[in-house]
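Descriptive analysis of the structure
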Amino acid sequence: MSNPNKQDREGWLRGDEPDAQADEFARHAAQGRKELGSEAEASDLLNELDGLLAERFGGTEVGKQATSPTSSQGGGGAGAAEEAKSKPPASVRRLRRLYAAAAAILLLVAAGSWWLTQTVTYDANEVFAETFTPYANELSGRTMGDETTTIGGQLGEALLAYDRRDYPAAVSAFEAHFLAPPTSIAPATAPQIQLYYGISLLGAGQPKTALPVLDALRTNATYGDPAEWYHALALLRDGQTAAARSSLQNIVKDTNSAFRAKATALLPSFPSER
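A brief report on the enclosed structure follows.

How each quantity is defined
- Residues numbered from 1 in each chain as written.
- Predicted model: local features only at pLDDT ≥ 70, side-chain atom pairs only at ≥ 80, totals over all residues.
- Heavy atoms only, no water.
- Helix = DSSP H or I, 4+ residues; strand = E, 2+ residues; numbered from the N terminus.
- Buried < 20%, exposed > 50% of the residue type's maximum accessible area, 1.4 Å probe, protein only.
- Contact = heavy atoms within 4.5 Å.
- Areas by Shrake-Rupley, 256 points an atom, 1.4 Å probe, with all protein chains shown as cover.
- Axes fitted to C-alpha atoms, helices over the stretch in contact; angles between N-to-C directions.
- Parallel < 35°, antiparallel > 145°, perpendicular 65-115°, else oblique.
- Left-handed = near helix turned anticlockwise from the far one by under 90°.
- Nonpolar A, V, L, I, M, F, W, Y, C, P; charged D, E, K, R; others polar.
- Expected span 1.5 Å × (residues − 1).
- Arc of directions from axis to C-beta.
- Core = buried A, V, L, I, M, F, W, Y, C linked by side-chain atoms within 4.5 Å.
- Phe/Tyr/Trp six-rings, centres within 6.5 Å; stacked < 30°, edge-to-face > 60°.
- Salt bridge = Lys/Arg side-chain N within 4 Å of Asp/Glu carboxyl O.
- Polar contact = N/O pair within 3.5 Å; in protein donor to acceptor, adjacent residues only side chain to side chain.

1. Considering the overall build of the chain
- If you tally the helices and strands in the chain, you get 14 helices and zero strands.
- The secondary structure elements of the chain, listed N-terminal to C-terminal, are α-α-α-α-α-α-α-α-α-α-α-α-α-α.
- Across the 274 residues that make up the chain, the buried fraction comes to 41%.
- Put simply, of all contacts in the chain between residues at least 6 apart along the chain, 61% involve residues at least 24 apart.
- If you sum the accessible surface of the chain, you get close to 15,300 Å²; carbon and sulfur atoms cover 51% of it.

2. Considering the packing of helix α10 (residues 190-203) against helix α11 (residues 207-215)
- For the pair α10 and α11, the least separation of the axes is 8 Å and the interaxial angle reads 160°. As judged from the angle between their axes, α10 and α11 are roughly antiparallel. Our pair here, α10 against α11, has a crossing hand that is left-handed. Across the interface between the two elements, Q194, L195, Y197, G198, I199, L201 and L202 of α10 pack against P207, T209, A210, V213 and L214 of α11.
- Looking at side-chain class alone, the contact of α10 with α11 contains nine nonpolar, three polar and no charged residues.

3. Quick notes on helix α13 (residues 241-253)
- For α13, spanning 13 residues, the distance from its first C-alpha to its last is 18 Å, which sits close to the expected 18 Å at 1.5 Å a residue.
- Buried within α13 we find T241, A244, R245, S247, L248 and I251. The buried residues of α13 occupy one face: seen down the axis, they fall within an arc of 165°. Counted as exposed and oriented over 90 degrees from the buried face of α13: A242 and K253.
- Packing partners of the buried residues in α13 comprise α12 (224-237) and α14 (260-266).

4. Describing the nonpolar core
- Judged by nonpolar contacts, the single largest core of 46 residues is most densely connected at Y135, F174, W229, Y230, L233 and L236.
- Counting residues per element, the ones that place at least two in this core are α7 (124-131), α8 (153-163), α9 (167-179), α10, α11, α12, α13 and α14.
- In this view, Y230 contacts F132, T133, P134, Y135, I199, L202 and L214; residues no more than four positions away in its chain are not counted.
- Formed by eight residues, the second largest nonpolar core is a distinct cluster that contains A29, L36, A42 and L49.

5. Structural notes on the packing of aromatic side chains
- Inspection of the entire model under this criterion finds 10 aromatic pairs.
- With centroids separated by 6.4 Å and ring planes inclined at 20°, the aromatic side chains of F174 and F178 adopt a geometry described as stacked. Pair noted here: F174 and F178 are both in helix α9, with a separation of four residues, about one helical turn.
- Residue class for F178 comes out partly exposed when judged on its relative accessible area of 30%.
- Note on W229 and F259: the rings are 5.9 Å apart at their centroids and 20° apart in plane angle, and the pair reads as stacked.

6. Notes on the pattern of salt bridges
- In total, this model carries four salt bridges according to the counting rule given.
- The closest approach of N and O atoms between R14 and D16, which form a salt bridge, is 2.7 Å.
- On the basis of relative accessibility, which here comes to 37%, the residue D16 falls in the partly exposed class.
- Here D238 makes a salt bridge to K208, at a shortest N to O gap of 3.2 Å. On the criterion of sequence distance, the pair formed by D238 in the loop between α12 and α13 and K208 in helix α11 is long-range, its members being 30 residues apart.
- The exposure class assigned to D238 is buried, which follows from its relative accessible area of 19%.
- K208 sits in the exposed class, given a relative accessible area of 60%.
- A single salt-bridge network, built from bridges that share partners, covers D215, R218 and E228.

7. Considerations on the side chain of N137
- Structurally, N137 is set in the loop between α7 and α8.
- At 2.9 Å, the side chain of N137 and the backbone nitrogen of L139 are in polar contact.
- When near neighbours in sequence (up to four residues on either side) are disregarded, N137 contacts L159, Y162, D163 and Y196.

Set out below in structure tokens:
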């Protein structure tokens with residue numbers, strides 16, 4: 001497989017100026033290249049960085065594509081190349097000392113295809129799995145409506161499945177409850193039951209269905225904070241990365257949110273904004 005960074009590496013070795021569309025990395029790398037006296041010195045440094053990368057992370061040294069112009073010469077030329085490799089030129093040492101930031105950028109150039117193929121990719125499902133925990137069930141063991149009516153029927157089954165984290169069973173039981181809710185159920189518990197239903201949908205792998213359920217509760221005086229948090233997780237699991245990040249940022253800005261610390265801890269798991 002060809003190295004997708006080969007042209008970038010060769011251009012850097014020649015000392016080509018980055019084009020107008022170049023990012024900050026490329027500009028820093030070009031600045032570092034100016035500190036090197038020749039293409040041979042640049043090649044020496046690039047090969048050395050390749051070697052360090054291979055030693056640290058394993059794999060084939062990508063620097064074999066950045067061969068010093070003197071390496072193809074025989075006799076004294078070959079000996080000079082070996083001496084240059086064993087003792088970096090003064091300008092290389094100056095680069096290390098004065099342009100540490102540029103040298104760090106060169107590691108990205110040196111990595112080539114290895115960097116692109118080996119860097120850990122963002123996985124929304126993995127991030128969700130590491131973050132998701134259910135909201136505490138505050139209805140279990142309590143009475144509904146009048147004080148003599150305990151939780152039973154489909155709602156009791158739903159809450160029991162919720163506590164067991166059997167979310168598909170909880171979803172089915174909640175939906176059966178909504179078809180014919182008992183008259184003894186206190187209306188004040190409706191938002192609470194909806195929250196548990198939305199979380200169950202999320203835990204059962206149905207984020208699209210969970211989103212409107214949780215969204216309807218985001219302005220609720222009592223359950224708005226947890227609804228906002230689980231709504232953000234539903235966006236995350238649904239692959240709506242930008243929307244999930246924005247929602248989490250709003251939670252972080254809310255100094256009164258009980259989920260501010262969780263949102264702050266989760267945000268670094270997201271890929272960098274472009």
